[in-house]
Amino acid sequence: MSGLPPMAGQHPLLELRDVSFVRSGRVLLDRSNLALAPQGRTVVIGPNGAGKSLLMRLAHGLLEPSTGAIVCRCNGSAAPRQAMVFQRPVLLRRSTIANVTHALALSGVPRRLRRGQAERALARFGLADLAQRPARILSGGEQQRLALARAWALEPEILFLDEPSSALDPAATKAVEDAVNVFHDKGTRIVMTTHDLGQARRLADEVVFMCGGRILEHSPASSFFDAPATGAAATFLRGELVLDPHEPATLPATRR
Ligand SMILES: Nc1ncnc2c1ncn2[C@@H]1O[C@H](COP(=O)(O)OP(=O)(O)O)[C@@H](O)[C@H]1O
Ligand SMILES: [Mg+2]
């Protein structure tokens, strides 16, 4: 792996050590190492099928690695406060505010505190007036803001976002990007994926570039965008198709 940014003696907040993920004999993530400093916005980019979502799910603990270890030093505690926002939010068939109070209940917040915390989180993301609406009838942009408000109420130390605005129009995308910065300003560690290079340039402090189940680069955003270290990243940044180095470049000749 090339271009690891110096950690300047800091303990990483989150570390992947030789993490692999294998299914049905396919190596979907190949002995990956990644150390994330306590602060900043990391944007994971790469072609479709590179393993970005897989990396996020492993890091958030939704999947178990086949080999290797994921080490989180959040607050020195064994159960770090983490949240994840997906391309399409998973919402309960309840009111908007109940989606937040339910998440607070699951994370162990006492009942008497839940309503106030949920109301503040909804207000923070412009949803105060929609608190009693069924969550399922909100627009796509409102649902995503609800997912962000729900995450906000949990006060996560790390927030993972997997293509959080891919299904949204420009105005709702702007709201998601503003929200990412609101979390960042509050000190939440951001790890997100996007297929939108403009968004990556707007938000990234550092870039993780993946291809074919491998982390090929991890570097500060400016050096990545100005001078990517790998041919695959340069090809990707030019908007050209990146051929997976593990796949044969041409189809095998048909047997006669
Ligand atoms: N839980 C899983 N079980 C089996 N295969 C998976 C699983 N998750 C992802 N994959 C496969 O791993 C590869 C990488 O997927 P993904 O991480 O979703 O790519 P990306 O998000 O970069 O587009 C794909 O070939 C996908 O089909
Ligand atoms: Mg994905």
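Owing to the predicted nature of the structure, the values given are computational and were not obtained by experimental measurement.

Rules used in this analysis
- Residues numbered from 1 in each chain as written.
- Chains lettered and ligands numbered in written order.
- Predicted model: local features only at pLDDT ≥ 70, side-chain atom pairs only at ≥ 80, totals over all residues.
- Heavy atoms only, no water.
- Helix = DSSP H or I, 4+ residues; strand = E, 2+ residues; numbered from the N terminus.
- Buried < 20%, exposed > 50% of the residue type's maximum accessible area, 1.4 Å probe, protein only.
- Pairing = 2+ DSSP bridges.
- Axes fitted to C-alpha atoms, helices over the stretch in contact; angles between N-to-C directions.
- Salt bridge = Lys/Arg side-chain N within 4 Å of Asp/Glu carboxyl O.
- Near = heavy atom within 4 Å.
- Polar contact = N/O pair within 3.5 Å; in protein donor to acceptor, adjacent residues only side chain to side chain.
- Areas by Shrake-Rupley, 256 points an atom, 1.4 Å probe, with all protein chains shown as cover.
- Nonpolar A, V, L, I, M, F, W, Y, C, P; charged D, E, K, R; others polar.
- Phe/Tyr/Trp six-rings, centres within 6.5 Å; stacked < 30°, edge-to-face > 60°.
- Lys NZ or Arg CZ within 6 Å of the ring centre and 35° of its normal.

A.B. asks: Just give me the short version of unusual backbone geometry, but keep the residues and values in it.
C.D. replies: In this structure, E155 takes a positive phi of about 45 degrees despite not being glycine. In this fold, E155 is placed in the loop between α4 (140–153) and β6 (158–162). E155 sits in the partly exposed class, given a relative accessible area of 44%. Even without being a glycine, E163 presents a positive backbone phi close to 50 degrees.

A.B. asks: Outline the pairing of β6, listing residues and values.
C.D. replies: Taking burial as the measure, the five residues of β6 include five buried ones, the bulk of the element. The two faces of β6 match: I158, F160 and D162 on one face and L159 and L161 on the other face are all buried. With four bridges connecting them, strand β5 (residues 82–85) and β6 associate as parallel partners. From the neighbouring strand, A83 faces β6, where its bridge partner is L159. Bridge analysis of β6 against strand β7 (residues 189–193) gives five bridges, and the strand direction is parallel. When the sheet's bridge partners are listed, L159 is paired in β7 with I190.

A.B. asks: Provide a residue-level description of the sheet that holds strand β8 (residues 206–211), including the pertinent values.
C.D. replies: Taken together, the six strands give an open sheet; going across it, the order is β5-β6-β7-β3-β8-β9, and neighbouring strands pair in mixed fashion. Each of the sheet's edge strands pairs with one partner strand only, and the pair in question is β5 and β9 (214–220). Each strand axis lies, on average, 15 degrees off the axis of its neighbour in the sheet, ignoring direction. Looking at chain direction, strand β3 (residues 41–45) and β8 are connected through four bridges and run parallel. Bridge pairing in β8 links V44 to V208.

A.B. asks: Lay out the pattern of salt bridges with the relevant residues and their values.
C.D. replies: Per the counting criterion, the structure on display carries twelve salt bridges. R31 is paired through a salt bridge with D30; the nearest N and O atoms lie 2.9 Å apart. Judged by relative accessible area, which is 15%, D30 ranks as buried. Between E155 and K186 there is a salt bridge; the shortest N-O distance is 3.8 Å. Here the residue E155 occupies a position in the loop between α4 and β6, and K186 occupies one in the loop between α5 (170–185) and β7, the gap between them amounting to 31 residues. Judged by relative accessible area, K186 falls into the partly exposed class, the value being 47%. Connected via shared salt-bridge partners are E15, R17 and R73.

A.B. asks: Can you tell me about the pairing of strand β1 (residues 14–23), naming the residues and giving the values?
C.D. replies: Summarising the sheet, β1 and strand β2 (residues 26–36) pair through seven bridges and their orientation is antiparallel. Its bridge partner lying in β2, V22 is registered against V27. Turn length for the β1-β2 hairpin, with the two strands adjacent in sequence and antiparallel, is two residues, and the turn residue S24 shows positive phi of about 50 degrees.

A.B. asks: Now, about the site of ligand 1: what can you tell me, with residues and values included?
C.D. replies: As a matter of local geometry, ligand 1 sits amid R23, R26, L28, P47, N48, G49, A50, G51, K52, S53 and L54. One of the side-chain nitrogen or oxygen atoms of R26 is found 3.3 Å away from an oxygen atom of ligand 1. L54 is positioned such that a nitrogen or oxygen atom in its backbone is 2.9 Å from an oxygen atom of ligand 1. Considered on its own, ligand 1 offers 570 Å² of accessible surface; in the complex 62% of this is hidden by protein. Residue assignment for the shell around ligand 1 shows that the elements contributing at least two residues are β2 and α1 (52–60). For the shell around ligand 1, the element with the most residues is α1, which contributes three residues. Of the residues in the shell around ligand 1, the class split is four nonpolar, four polar and three charged.

A.B. asks: Lay out the packing of aromatic side chains with the relevant residues and their values.
C.D. replies: Per the counting criterion, the structure on display carries six aromatic pairs. A ring pair is formed by F209 and F224, whose centres lie 6.0 Å apart and whose planes are at 35 degrees; its orientation type is tilted. Residue F209 is located in strand β8, and its partner F224 is located in helix α7 (residues 221–226); the two are separated by 15 residues in the primary sequence. Note on F209: relative accessible area 0%, which makes it buried. A relative accessible area of 0% places F224 in the buried class. Three or more aromatic residues joined by ring pairs make a cluster, and in this case those are F209, F224, F225 and F236. Lying across the ring of W152, K186 places its NZ or CZ 4.7 Å from the centre.

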